[in-house]
Amino acid sequence: MLTIGKLSEATGVKVPTIRYYEEIGLMPEPERSAANQRLYGTAAKRRLAFIRHARDLGFPLEAIRDLLSLSDHPDQSCAGVDALARAQLTAVQSRIARLRALEDELTRMIGSCAQGTVSTCRVIEVLGDHGLCAHDHHGDPLTESA
């Protein structure tokens, strides 16, 4: 059995995150020692590693919840799993397209800079007037979370 600290070390998931996953039901309530310390077995370690890998691939928590639920029924069709993976792939492809547009815009802004003074800086000018952008990235989720 692993303590929460050892589970954290073994999976690379921070202790507060493990507690959060327990709180929202992604991880089951752990066993407790006589001293009320959380104790985790191999199944919990595998489940947390699954969650971590899914998060690394960008799956949202609700999709991970669905994937875990589907994985609890190994004899059923994997069509639901495939659908979730395809939806994630579509989301990743969309983010990549938005990032490429942002890369193009930044390259264009920097390329049009005359290396003069800030008062004549094209980067500052474009940042101050979204209408000067070549791409529509206004309200882009990538920039809203920063």
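Scope of this entry: the structure provided in the associated data block. (Residues numbered from 1 in each chain as written. Predicted model: local features only at pLDDT ≥ 70, side-chain atom pairs only at ≥ 80, totals over all residues. Heavy atoms only, no water.)

Some points on the packing of helix 3 (residues 42-56) against helix 4 (residues 61-71)
- Helix 4 packs onto helix 3 with a crossing angle of 140° between their chain directions and a minimal axis gap of 10 Å. With respect to each other, helix 3 and helix 4 are oriented oblique. In this structure, helix 3 crosses over helix 4, and the sense of that crossing is right-handed. Between helix 3, through Arg 47, Phe 50, Ile 51, Ala 54 and Arg 55, and helix 4, the contact on the second element is made entirely by Leu 61, Ile 64, Leu 67 and Leu 68. (Axes fitted to C-alpha atoms, helices over the stretch in contact; angles between N-to-C directions. Helix = DSSP H or I, 4+ residues; strand = E, 2+ residues; numbered from the N terminus. Parallel < 35°, antiparallel > 145°, perpendicular 65-115°, else oblique. Left-handed = near helix turned anticlockwise from the far one by under 90°. Contact = heavy atoms within 4.5 Å.)

Structural notes on the packing of aromatic side chains
- Tallied over the entire structure, the rule returns one aromatic pair.
- When the ring of Tyr 20 is compared with that of Tyr 21, the centres are 6.2 Å apart and the planes differ by 50°; the resulting orientation is tilted.
- Residue classification places Tyr 21 among the buried residues on the basis of a relative accessible area of 8%. (Phe/Tyr/Trp six-rings, centres within 6.5 Å; stacked < 30°, edge-to-face > 60°. Buried < 20%, exposed > 50% of the residue type's maximum accessible area, 1.4 Å probe, protein only.)

Structural notes on the side chain of Thr 11
- Within the fold, Thr 11 resides in helix 1 (residues 4-11).
- The buried category is assigned to Thr 11, whose relative accessible area is 12%.
- Dropping the residues within four chain positions of it, Thr 11 is found in contact with Lys 45, Leu 48, Ala 49 and Arg 52.

Some remarks on the environment of Gly 58
- If you trace the backbone, Gly 58 turns up in the loop between helix 3 and helix 4.
- Taking relative accessible area as the criterion, Gly 58 reaches 30% and is therefore assigned partly exposed.
- Sequence separation of Gly 58 and Ala 91 is 33 residues, and the distance between their C-alpha atoms is 9.0 Å.

Concerning helix 4
- Taken together, the buried positions of helix 4 are Ala 63, Ile 64, Leu 67 and Leu 68. Summarising the axial view, the buried residues of helix 4 lie within an arc of 140°, below the 170-degree limit, and thus occupy one face.
- On its buried side, helix 4 packs onto helix 3 and helix 5 (79-111). (Arc of directions from axis to C-beta.)

Examining the packing of helix 4 against helix 5
- Between helix 4 and helix 5, the least distance of the axes is 10 Å, while the angle of their chain directions is 160°. Put simply, helix 4 runs roughly antiparallel to helix 5. For the pair helix 4 and helix 5, the crossing hand works out as left-handed. Residues Ala 63, Asp 66, Leu 67 and Leu 70 of helix 4 lie in contact with helix 5, whose contacting residues are Gly 80, Val 81 and Leu 84.
- By residue class, the composition of the contact of helix 4 with helix 5 is five nonpolar, one polar and one charged. (Nonpolar A, V, L, I, M, F, W, Y, C, P; charged D, E, K, R; others polar.)

Topic: the side chain of Glu 22
- Its place among the elements puts Glu 22 in helix 2 (residues 15-23).
- Residue Glu 22 is classed as buried on the basis of its relative accessible area, which comes to 13%.
- Within polar-contact distance, the side chain of Glu 22 engages the side chain of Tyr 40 at 2.2 Å.
- Filtering out sequence-adjacent residues up to four positions away, Glu 22 remains in contact with Met 27, Pro 28, Pro 30, Arg 38 and Tyr 40. (Polar contact = N/O pair within 3.5 Å; in protein donor to acceptor, adjacent residues only side chain to side chain.)

Quick notes on the pattern of salt bridges
- Scanning all chains against the criterion turns up four salt bridges.
- Here Arg 65 ties to Glu 62 by a salt bridge, and the two come within 3.3 Å at their closest N and O atoms. Pair noted here: Arg 65 and Glu 62 are both in helix 4, with a separation of three residues, about one helical turn.
- Here Arg 65 falls in the partly exposed class, since its relative accessible area comes to 27%.
- Given a relative accessible area of 48%, Glu 62 falls into the partly exposed group.
- When the shortest N-O distance is used, the salt bridge between Arg 108 and Glu 105 registers 2.7 Å. (Salt bridge = Lys/Arg side-chain N within 4 Å of Asp/Glu carboxyl O.)

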